[in-house]
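Chain residues, written in single-letter form:
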Amino acid sequence: MAARQALFYEGIEQVDEVEAAVQGSIPDWLAGSLVMNGGGEYTPMRHLFDGYGLLSKVRLEGGRAWGSQRYIDTKALKAYRHNGQVVANEFATPPGSLWAYMQQVQYSDRLPCIMQSPHPALQSDGSLLNFSRTFPFGGSHVYLQDRTTLAREEVAFVPDRHWLAPAWMHDFASTDRHAVLLEHPLYLDFLGMVGGWDNDAAWMKWRPEEGVRVHVVTLDGSKPVRTFTTPAFAYVHIGNAFESADGSMLHVDLGVFEDAQILNDLKLQVLRHGPEQGRQVSPCSYMRLDVPLDCTGPLRLPGPKPLVADAAAKHVDFVDYFNVHPALKGRSYRYVYSTCAVRPTHINNGLAKTDLATQEVKVWHSPGGVTGEPHFIPHPSAAAAAAAAAADGTAAAAEDAGVVVSQCVDAQGRAFLLVLDAASWSELGRAVLPYSTPYRFHGVWVPSEGAA
């Protein structure tokens, strides 16, 4: 119960850095900050995707650790603090208005945007790849953005299957040459969105008979958008994508659900009660979708195939928040790191390292606790070799030489940064913070200046 109180109610600000208590040891070479995002004030909210934004940071240097966290100072948060009321639409918490959702963000380049994917992809040339959404009577605008000038260039437009009911797409697959949009049959219900009404999946409609549309975008514009269909599945996050050795196939690795029940699993009334109510987190397996690039095959594809046999026995029949070696993003790889679920549980309570070559899985488990998104950080002596191997297409000799860090909460509600040896998957140490942290979503590891 202590963990749920810390995770799913109100996060307390800690503006000034305070030192954390290190248990075990943190490698001296590990210097930088893990910055994580997520909701901070969940008290009046209905869903884990609601909540006023709070950023948290744990800084490591010389085997020591310091932490801080603070809210993003938005108008909606100010209004809530002033009168105790939710005045703007959250993901699943009214009030609000349909008109508020229809307002486009105005950019100087006039590229339209009502919402966009929260997962921009960093390309090898330093540019950012993402897509924005317009609706109704709209679709997905795939664009590249210069990180220095912030100039954006639209490379493709993919119209929605249903103009009045666009699909909810949280993430997308990418390589340096392609973007892949997976339009699964989970559709926005605008009236349910405004009213906060329950539907098949939160306030959205699930229509499995329509299957999934797979849109392949060639980023240099040399080919038109190619659209395939597959049997229905749902997804939230992509793990990685890469081309086959002969360039004929694009492999898209992702977490696959049979349906969209996961959005109901993440309602706060479910999360606050825990697995003793009989509700467990929906299964999600790491799978691979093979998409042909030669544009001569059939438009109908088989569904994704599991990458790990006996997933339940290995505690990876629920996996999420995928991470790979940073030099192998968009390239062939061997290891994927993720959160996982050691059942019975209603949420991620473990961390998994999956060897895709042998299907061996190693699990670190926090009984009664919650684990955060893992971040692999290569050892300085192996980072350059891995980058060189990725550049020339050879196998990285030490793809798992380094550590994995994850911001977690234990069964007593204590927040800590966990440091695992990525090769052995054993705990090296943890930095226990003197304050609680709410549920964390995504983050980034920022190396210190001058770090090796």
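Structural data are supplied above this passage.
Residues numbered from 1 in each chain as written. Predicted model: local features only at pLDDT ≥ 70, side-chain atom pairs only at ≥ 80, totals over all residues. Heavy atoms only, no water.

Caption draft 1: Spotlight on the overall build of the protein. Along the protein, the regular secondary structure elements total seven helices and 30 strands. Relative to the compact-globule value of 22 Å for 452 residues, the protein shows a C-alpha radius of gyration of 21 Å, a close match. Oriented by its inertia axes, the alpha-carbon framework of the protein measures out at about 60 × 55 × 50 Å. By the burial criterion, 56% of the 452 residues in the protein qualify as buried. Once local pairs closer than 6 in sequence are excluded, the contacts in the protein between residues at least 24 apart make up 62%. Total accessible area on the protein is roughly 19,100 Å²; 53% of this is exposed by carbon and sulfur atoms. Between the mean site of the 36 positive side-chain charges and the mean site of the 48 negative ones, the protein shows a separation of 3 Å. (Helix = DSSP H or I, 4+ residues; strand = E, 2+ residues; numbered from the N terminus. Rg over C-alpha atoms; globule rule 2.2 N^0.38 Å. Buried < 20%, exposed > 50% of the residue type's maximum accessible area, 1.4 Å probe, protein only. Contact = heavy atoms within 4.5 Å. Areas by Shrake-Rupley, 256 points an atom, 1.4 Å probe, with all protein chains shown as cover. Lys, Arg positive; Asp, Glu negative; His and termini not counted. Charge placed at Lys NZ, Arg CZ, Asp CG, Glu CD.)

Caption draft 2: Structural view of the environment of Val15. Tracing the backbone shows Val15 in strand E1 (residues 14-19). Note on Val15: relative accessible area 42%, which makes it partly exposed. The sequence separation of Val15 and Gln106 amounts to 91 residues, and the corresponding C-alpha distance is 32 Å. Once residues lying within four places of it in the same chain are set aside, the contact partners of Val15 are Ser68, Gln69 and Arg70.

Caption draft 3: Just the pairing of strand E22 (residues 319-323), in detail. The buried fraction of E22 amounts to five of the five residues, a majority that puts the element mostly inside the structure. Where E22 lies against strand E23 (residues 335-340), three bridges are found, and the strand directions are antiparallel. Considered in E23, the bridge of Asn323 is made with Tyr337. (Pairing = 2+ DSSP bridges.)

Caption draft 4: Layout of the packing of aromatic side chains. For the coordinates displayed, the defined rule picks out 16 aromatic pairs. With a centroid separation of 5.4 Å and 5° between ring planes, the pair formed by Tyr337 and Phe376 is classed as stacked. Pair noted here: Tyr337 is in strand E23 and Phe376 is in strand E26 (residues 375-378), with a separation of 39 residues, a long-range link. On the basis of relative accessible area, Phe376 is assigned to the buried category, the value being 6%. With centroids separated by 5.7 Å and ring planes inclined at 15°, the aromatic side chains of Tyr337 and Trp425 adopt a geometry described as stacked. One end of the pair, Tyr337, is in strand E23; the other, Trp425, is in the loop between strand E28 (415-421) and strand E29 (427-432), with 88 residues separating them in the sequence. The exposure classification of Tyr337 matches that of Trp425, with both residues buried. Among the aromatic residues, those joined into a ring-pair cluster are Phe8, Phe49, Phe91, Trp168, Trp203, Tyr439 and Phe441. A cation sits over an aromatic face here: Arg272 above Tyr9, 4.3 Å from the ring centre. (Phe/Tyr/Trp six-rings, centres within 6.5 Å; stacked < 30°, edge-to-face > 60°. Lys NZ or Arg CZ within 6 Å of the ring centre and 35° of its normal.)

Caption draft 5: Here's a closer look at empty space enclosed by the protein. By the definition in use, this model includes four cavities of 30 Å³ or more. Considered as a void within the structure, the largest cavity measures approximately 80 Å³ in volume. If you trace the largest cavity, you find it lined by Ser285, Tyr286, Val308, Ala311, Val316, Val319, Phe322, Val336, Ser338 and Thr354. Secondary structure elements with two or more residues in the lining of the largest cavity: strand E20 (285-292), E22 and E23. For the lining of the largest cavity, the class distribution of residues is seven nonpolar, three polar and no charged. Together, His178, Val216, Thr218, Lys223, Pro224, Arg226, Phe228, Pro292, Leu293 and Cys295 line the second largest cavity. Among the secondary structure elements, those contributing two or more residues to the lining of the second largest cavity are strand E16 (212-218) and strand E17 (226-230). Counted by class, the lining of the second largest cavity contains six nonpolar, two polar and two charged residues. (1 Å grid on protein atoms, 1.4 Å probe; cavity = no way out; pocket = protein on both sides within 12 Å on 5 of 7 lines; lining within 4 Å. Points joined across faces, edges and corners; volume = space filled by probe spheres on them. Nonpolar A, V, L, I, M, F, W, Y, C, P; charged D, E, K, R; others polar.)

Caption draft 6: Summary view of the state of the cysteines. Within this structure, the stated rule accounts for zero disulfides. For the unlinked cysteine Cys284, the closest cysteine sulfur is that of Cys340, found at 12 Å. Cys340 forms no disulfide, and the closest cysteine sulfur to it belongs to Cys408, at a distance of 11 Å. Residue class for Cys340 comes out buried when judged on its relative accessible area of 0%. (Disulfide = S-S within 2.5 Å.)

Caption draft 7: Region of interest: the sheet that holds strand E2 (residues 21-24). Strand order in the open sheet formed by five strands is E2-E29-E28-E27-E26, and the pairing between neighbours is antiparallel. Of all strands in the sheet, those with a lone pairing partner are E2 and E26, marking the two edges. Ignoring strand direction, the axes of neighbouring strands in this sheet form an average angle of 20°. Inspection of the sheet shows strand E27 (residues 402-409) paired to E28 by seven bridges, in the antiparallel sense. By the bridge assignment for E28, Val409 is matched with Ala415. (Axes fitted to C-alpha atoms, helices over the stretch in contact; angles between N-to-C directions.)

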